[in-house]
Amino acid sequence: MKDKVVIITGGSSGIGYALAEAFGANGSKIMITGRKQEALDEATNKLEAKGIEVISFQSDVSKEEDNQKMAEAAVKHFGRIDILINNAGISMRALFSELDLSVVKRVMDINFYGALYATKYCLSEIEKNQGSVVGISSIAGYRGLPARTGYSASKFALQGFLEVLRTEMLKKNVHVLTACPGFTASNIRKSSLTADGSHQGDSPRKEEKMMTAEECANHIYKATKKRKKFLTLTTQGKLTVFLNKWIPGFMDKVVYNVMAKEENSPFK
Ligand SMILES: NC(=O)c1ccc[n+]([C@@H]2O[C@H](COP(=O)([O-])OP(=O)(O)OC[C@H]3O[C@@H](n4cnc5c(N)ncnc54)[C@H](O)[C@@H]3O)[C@@H](O)[C@H]2O)c1
């Protein structure tokens, strides 16, 4: 991974920031992107203090033109792109019957279209270098989670896109990884959108009991290095994917009961 140029969207916090640390610690050159320059500056300073070669680029993944500019800026600065990690994402939590449809659109624009745009503008460079496209999906991209219609739909769509890309790139030796973390401690649940599009504010789950962002990033780093096609994390996540394939009706009940136990569950 030494000297590989890695773009990480949404790289100023959570799993994205931990990925910047993991790749950077192994000698990769990093570009982190995000919407807020202040958060990017703070993350860049912390990474530089660890001896990591890093630049930031202010960009909203849901805006196609920002992704084109991002790819151009990476090539201008580093001369190449080897790995794109489509990490930027948001979540939502509300029953579909109560949900303002603009929330689903916002989630799709970031989680699905954001990855599509970023990949579109980085792909020719990645092809030249026989590099990698990594998509950070979720267990929710294999098994729909109640009160997460928009989120699950965006991750199912992402996985469909990645599967086709992987197949199209077979003879070009471009590696495509679909990475599916399970519950990982981060801000994603606090910033989740509610039925009317406002932020949830609190996590409904015990974040301290989850995998850390650093552990998650290390798994993704290793899977990228080994050019694995799939990474499914946590025993609970693997079991969910496996059982859902064979007994989806039974899993409806299991998943309903698990999600209904969350704090302030919309089912109550
Ligand atoms: N934390 C989990 O439990 C979990 C589980 C499975 C998958 N994931 C996925 O991991 C990825 C990272 O999430 P996280 O848990 O680290 O949460 P996080 O909220 O810490 O990170 C998400 C990052 O994306 C950025 N972002 C959001 N909208 C953006 C936009 N329009 N343009 C650019 N950047 C934007 C945020 O600012 C943030 O830096 C997401 O794709 C998420 O769906 C997380």
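Quick caveat: nothing in here was measured; it's all calculated off a predicted structure.

Parameters and conventions
Residues numbered from 1 in each chain as written. Predicted model: local features only at pLDDT ≥ 70, side-chain atom pairs only at ≥ 80, totals over all residues. Heavy atoms only, no water. Axes fitted to C-alpha atoms, helices over the stretch in contact; angles between N-to-C directions. Helix = DSSP H or I, 4+ residues; strand = E, 2+ residues; numbered from the N terminus. Parallel < 35°, antiparallel > 145°, perpendicular 65-115°, else oblique. Left-handed = near helix turned anticlockwise from the far one by under 90°. Contact = heavy atoms within 4.5 Å. Nonpolar A, V, L, I, M, F, W, Y, C, P; charged D, E, K, R; others polar. UniProt positions renumbered as here; feature names shortened; annotations may be inferred. Expected span 1.5 Å × (residues − 1). Buried < 20%, exposed > 50% of the residue type's maximum accessible area, 1.4 Å probe, protein only. Arc of directions from axis to C-beta.

A. Main features of the packing of helix α4 (residues 101–128) against helix α5 (residues 149–168). Packing of α4 against α5 brings their axes to within 7 Å, and their N-to-C directions diverge by 20°. Viewed along their axes, α4 and α5 adopt a mutual orientation that is roughly parallel. At the point where α4 passes α5, the crossing takes the right-handed sense. The residues of α5 that touch α4, namely those facing Val104, Val107, Met108, Asn111, Phe112, Ala115, Leu116, Thr119 and Leu123, are Gly150, Tyr151, Ala153, Ser154, Lys155, Ala157, Leu158, Phe161 and Leu165.

B. Inspection of the packing of helix α1 (residues 14–25) against helix α2 (residues 37–49) at higher detail. For the pair α1 and α2, the least separation of the axes is 10 Å and the interaxial angle reads 25°. Compared by their axis directions, α1 and α2 come out roughly parallel. In terms of crossing hand, the pair formed by α1 and α2 is right-handed. Only Ala43, Lys46 and Leu47 of α2 make contact with α1, whose side of the interface consists of Tyr17, Ala20 and Glu21. Considered class by class, the residues forming the contact of α1 with α2 number four nonpolar, no polar and two charged.

C. Quick look at the UniProt feature "domain: Ketoreductase" (unreviewed entry) in the protein chain. UniProt tags residues 4–186 as "domain: Ketoreductase" (unreviewed entry). Note that residues 4–186 is 48% helix and 16% strand, and that its end C-alpha atoms are spaced 26 Å apart.

D. A look at helix α3 (residues 64–78). Relative to the 21 Å expected for 15 residues at 1.5 Å per residue, α3 spans 22 Å between its end C-alpha atoms, a close match to the ideal helical length. Buried residues of α3: Asp66, Asn67, Met70, Ala71, Ala74 and Phe78, and no others. What you see down the axis of α3 is that its buried residues fit within an arc of 140°, all on one side. In the core, the buried residues of α3 are packed alongside β1 (5–8), β2 (29–34), β3 (54–58), β4 (83–86) and α4. Directly after α3, the chain includes Gly79, whose backbone phi takes a positive value near 85°.

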